[in-house]
Amino acid sequence: GDGGWTLAMKIDGTKKTFHYDSHFWSDKKPYNFAGGRTGFDSQETKLPTYWNTAFSKICLGMKIGQQIKFIIINKKAASLHSLIADGKYRATSLGRNTWKKLIGSKASLQTGCNKEGFNAATSYSSFAKARIGILGNNEQACSTCDSKIGFGTAGQTDDSNTCGNNAIKGYTSDNGGRNIKAMGYILVQ
C-alpha cells in the first residue's frame, strides 16, 4: 500500500492481557508504551493508534517460533476501537485458507461455520470467539464452535489461548487437534 504501517497492538497468545473479555478491547487506555518501540518481539502493547488512527487496511501478523506470517484486510474505519469496542459482529470475506496462512502448515479449523471478522462469537459464551479472526464448527451452524484462528480469542477448546490457533481433535478439524499460541501483531495503514 501507500505509506508505512502503524503499529496498534502486540498480543502474546500465552497471556490473558488481551483475552476476548479484556477491558483493553473496549477502553481507550494504552498498555505498555515501551513495547511499541521494540519491533516484532514478544512485548505486549496497546498504543493510542488503536483508538485514534483511521485506516483503509489492517495488517495482521502471527509469529510462531521465529517465523512471522502476515495477511491484509482491506477495511476502512475511523479506528480499530470503532470496529471492536461495541462488541458487534462485523464480517470480513478473506476465506478460511487466508486465515490459515497466519499459522502455516500446522493450521487446523473445523470445516463448518467459517464465521470471520471482528467480534466473531458463538451463541454460547463458553464456545470459541475472536475479536479479530475466524471460527470453525463441525456443523454449518455457528452456535457451538470448537475451533478458531485469531487475535483476542477465548472459549473452546482452550480459553487461555488468546492469539493463535485452537482446534478440537476430530469433529471435522481439517488438520487435527491444535493449540498453537502465537505472538500477534496488528498494524494499520
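Residues numbered from 1 in each chain as written. Predicted model: local features only at pLDDT ≥ 70, side-chain atom pairs only at ≥ 80, totals over all residues. Heavy atoms only, no water.

1. Things to note about the side chain of N119
When you line up the elements, N119 lands in strand β6 (residues 112–121). In this structure the side chain of N119 is engaged in a polar contact, spanning 3.5 Å, whose partner is the backbone oxygen of L83. Of the polar contacts made by the side chain of N119, one reaches the backbone oxygen of I84; its length is 3.1 Å. When near neighbours in sequence (up to four residues on either side) are disregarded, N119 contacts Y20, L83, I84, D86, G87, K88, Y89, R90, A130 and R131. (Helix = DSSP H or I, 4+ residues; strand = E, 2+ residues; numbered from the N terminus. Polar contact = N/O pair within 3.5 Å; in protein donor to acceptor, adjacent residues only side chain to side chain. Contact = heavy atoms within 4.5 Å.)

2. Quick word on the pattern of salt bridges
All chains considered together, the criterion is met by eight salt bridges. Salt-bridge contacts for D86 lead to R90; the nearest nitrogen and oxygen are separated by 2.7 Å. Its relative accessible area of 41% is what places D86 among the partly exposed residues. Across the pair D158 and K181 runs a salt bridge whose closest N-O atoms are separated by 3.7 Å. A residue pair is termed long-range when its members are at least 10 positions apart, and D158 in the loop between β8 (147–154) and β9 (163–167) and K181 in strand β10 (residues 178–181) qualify at 23 residues. By relative accessible area, which is 15% here, D158 ends up buried. Given the relative accessible area of 32%, K181 is considered partly exposed. A cluster of three or more residues bridged by salt bridges with shared partners is formed by R96, K100 and D174. (Salt bridge = Lys/Arg side-chain N within 4 Å of Asp/Glu carboxyl O. Buried < 20%, exposed > 50% of the residue type's maximum accessible area, 1.4 Å probe, protein only.)

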